Amino acid sequence: MTVEHVDVVVVGAGISGIDAGYHLQTMCPDRSYVILEGRDDIGGTWDLFRYPGVRSDSDMHTLGFGFKPWTAAKAIADGPSIMEYLRETVAEFGIDRHIRFGHRVLRAEWSSDDARWTVHAERTPTGEAVSLTCNFLFMCSGYYSYKGGHDPQFPGRDRYQGRIVHPQAWPEDLEYAGTRVAVIGSGATAMTLVPAMAADAGHVTMIQRSPTYVVSRPDVDKIANGLRRILPGRLAYDLTRRKNYAMQSFFYKRSRTQPEKVKGQLLKLVRKELGPYYDVDTNFTPTYNPWDQRLCLIPNSDLFKAINTGRVSVVTGTIETFTETGLRLHSGEEIEADIVVTATGLTLVTLGEMAISVDGEPIDFSRTWTYKGLAYSDVPNLVSSFGYVNASWTLRADLTCEYVCRLLNHMSATGTVQCTPRLRAEDHAMPPSPWIEGFSSGYVQRMLPLLPKQGDREPWTNCQDYMKERKSLRNDPVDDGVMQFTAARVGASTVEPVAGS
C-alpha cells in the first residue's frame, strides 16, 4: 500500500496549528502540508473546555494572531467568541482544507537514511491505523493531556453523596442553579468558574490551599477601540499589540526587580475592591513574589463583586477529607456542598503524548537539551510550539512559525534535507538548568521532569523575552554552527553533512 507523503505534518489544529498553517502557505508556498487533529473540531483548548464562563486569561490583541486582527469590542473574550475568531481565520485563509479531523497521532519515527518521518495515527473513533511520511514534523499539540486533568484523589471521596466534576470534562447535564458549590483551586480556571457559577448557584465556596495574586482590569480596551475608529484596522491592531505587550513586559520586569513594591501595589488594589474588613492577608496574599507564578486576571472585578454580594466565599486551608455532604478541612471547618468542582489543574505532557524515535532509538526528551526553546538536541527536522509563561501564548507561536519557515526555506536554498541541533565540543560540559526557571506554579513543576534541559549559553536556552526573540528568531542566521544541515547523497540512501554547516 502506498503511504501518502507531504513536506510538513503539523500535529494539532488549535491556535498553534492554525498559526503554522498560515505561515507555511504564506512563507513556504512550495511546501505541501497537512494538519492532523485528534478531535472533531479546531480550537484545541477553546473547543475542549466548556465550563461556565470559560474565557481568555490575557488580552485578545496579543492572544490573537499577528496576521489576523482581533476586531471585537471585548479584549477579554469568552470561549465561543474565540472559537468564532478561529473558525473565521481557517476559512478566510483556506487553512481548513488542510485539516484532517479525527486523526490522533500516536508516534513518529525518523529515518536518517530516508531523511523523513513516518507518522502513525489512528482515526477516531474507529481506531483505523493511518500512516504518512513527511520531511518535517511541526508539533503544535500544546502541553497538557486531552485525556483528563490533574485530579488529586482526596481521602473520603467515595463516600461523598454529591456530584464531583472536573472542568476539563464538564458535563452538559450539570444543573447547579440554587445549589451549594465548592470549587477546589485558586488558578485561572477557578477564578473564572467561581463568579460565573455564582450568578445562578445558591452559594459558591472557593477552597484554596494557598492564595494567588489577582488583578482586575476591564474586559474592554478603550484605547484599542478608539484607535480602530480613526486608523486602518491593521495599523490599529499592531499598535495595540505593541502597547499591550510593552505594558505586560514592564510589569513583569518590575515584579522581578522590585517584587515587594509590586506586591504592595497588587494587595492595595485588592483591599480597595474588598474593603477594610475583609481578610486579604489570609485569602489574597501569597507567600511567593508576583510572577513566581502566573497572575490571575479578574475582568471587571467579577470575583470581587461576587464576594461583596455574599454569593461567594473564599476559604484558605488544606482538605482533610470529603464527607457525605461536603468537605472537611484540617482546621476542622466543614463546607457543605451539593457539587464539588476540582479545578486542580492539568496533566502535563510532552509532544502530545506521542512516542518519538530516531533511527530506531526512543527519545527521552528529559535527556535532551532545548535549542532556542523550540527544538531538541540530536532530534532532526522537528520543532514544537510552546508559548510564554509570562505573556500570551500566540506571541511566541507566531515567532516559532516564522522560524520554522526560515529553516525550511534555508534547506530549500541549500539543497539540504536534514537539520539537527548538535552540541558543540564546548557545550558538553554545560551545567543543566530546568527548562523554565523562576516559575513555581504547580503545573510547571509537575512538568519539568519531562522536559529538556537548559544550558548556560545560547542557543541552548529557553528565552522568555518576546522582544529579544523578535530579533533572534526573525533575524539570526539559521545556520549558526549548532543547527547542522545535511544533504542527500546522490545515488545513496544516506545523507552527508554540508560543508560549513
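Residues numbered from 1 in each chain as written. Predicted model: local features only at pLDDT ≥ 70, side-chain atom pairs only at ≥ 80, totals over all residues. Heavy atoms only, no water.

Let us now look at the overall build of the protein. Within the protein, the regular secondary structure consists of 13 helices and 24 strands. A compact globule built from 501 residues would reach a C-alpha radius of gyration of about 23 Å, and the protein, at 24 Å, matches this within 12%. When the backbone C-alpha atoms are referred to their principal axes, the protein occupies close to 80 × 55 × 50 Å. Out of the 501 residues in the protein, the part that is buried amounts to 54%. The long-range fraction of contacts in the protein, counting pairs at least 24 apart against all pairs at least 6 apart in sequence, stands at 71%. If you sum the accessible surface of the protein, you get close to 21600 Å²; carbon and sulfur atoms cover 52% of it. Distance from the positive charge centre (53 side chains) to the negative charge centre (59 side chains) of the protein: 6 Å. (Helix = DSSP H or I, 4+ residues; strand = E, 2+ residues; numbered from the N terminus. Rg over C-alpha atoms; globule rule 2.2 N^0.38 Å. Buried < 20%, exposed > 50% of the residue type's maximum accessible area, 1.4 Å probe, protein only. Contact = heavy atoms within 4.5 Å. Areas by Shrake-Rupley, 256 points an atom, 1.4 Å probe, with all protein chains shown as cover. Lys, Arg positive; Asp, Glu negative; His and termini not counted. Charge placed at Lys NZ, Arg CZ, Asp CG, Glu CD.)

Take the sheet that holds strand β9 (residues 203-208) next. Sheet architecture is open: five strands sit in the order β7-β16-β8-β9-β12, paired in parallel fashion. Strands with a single pairing partner mark the edges of an open sheet, and in this sheet they are β7 (163-165) and β12 (312-316). Along the sheet, successive strands turn relative to each other by an average axial angle of 20°, direction set aside. When β7 meets strand β16 (residues 339-342), the two strands line up parallel, connected through three bridges. Across the sheet, the residue bridging to Arg163 is Ile339, located in β16. Of the strands in this sheet, β8 (180-184), β9, β12 and β16 are in contact with helix α5 (residues 188-198), which crosses β9 at around 165°. (Pairing = 2+ DSSP bridges. Axes fitted to C-alpha atoms, helices over the stretch in contact; angles between N-to-C directions.)

Bringing the layout of surface pockets into the picture now. Approximately 800 Å³ is the volume found for the second largest pocket. Lining the second largest pocket we find 30 residues, and of these Val215, Arg217, Gln248, Phe251 and Leu297 sit closest to its centre. Elements with a minimum of two residues in the lining of the second largest pocket: β10 (214-217), α7 (233-257), α8 (259-274) and β11 (296-299). Per element, the largest residue contribution to the lining of the second largest pocket is six residues, and it comes from α7. (1 Å grid on protein atoms, 1.4 Å probe; cavity = no way out; pocket = protein on both sides within 12 Å on 5 of 7 lines; lining within 4 Å. Points joined across faces, edges and corners; volume = space filled by probe spheres on them.)

The end-to-end C-alpha separation of helix α4 (residues 79-92) is 20 Å, in line with the 20 Å expected for 14 residues at 1.5 Å each. Those residues of α4 lying buried are Gly79, Ile82, Met83, Tyr85, Leu86, Thr89 and Val90. For α4, the angular spread of buried residues about the axis comes to 160°, placing them on one side. When the buried face of α4 is taken as reference, the exposed residues oriented beyond 90 degrees from it are Pro80 and Glu84. (Expected span 1.5 Å × (residues − 1). Arc of directions from axis to C-beta.)

Within this structure, the stated rule accounts for 25 aromatic pairs. Within the aromatic cluster, the residues linked to one another by ring pairs are Phe49, Tyr51, Tyr143, Tyr144, Tyr146, Phe386, Trp393 and Trp435. (Phe/Tyr/Trp six-rings, centres within 6.5 Å; stacked < 30°, edge-to-face > 60°.)

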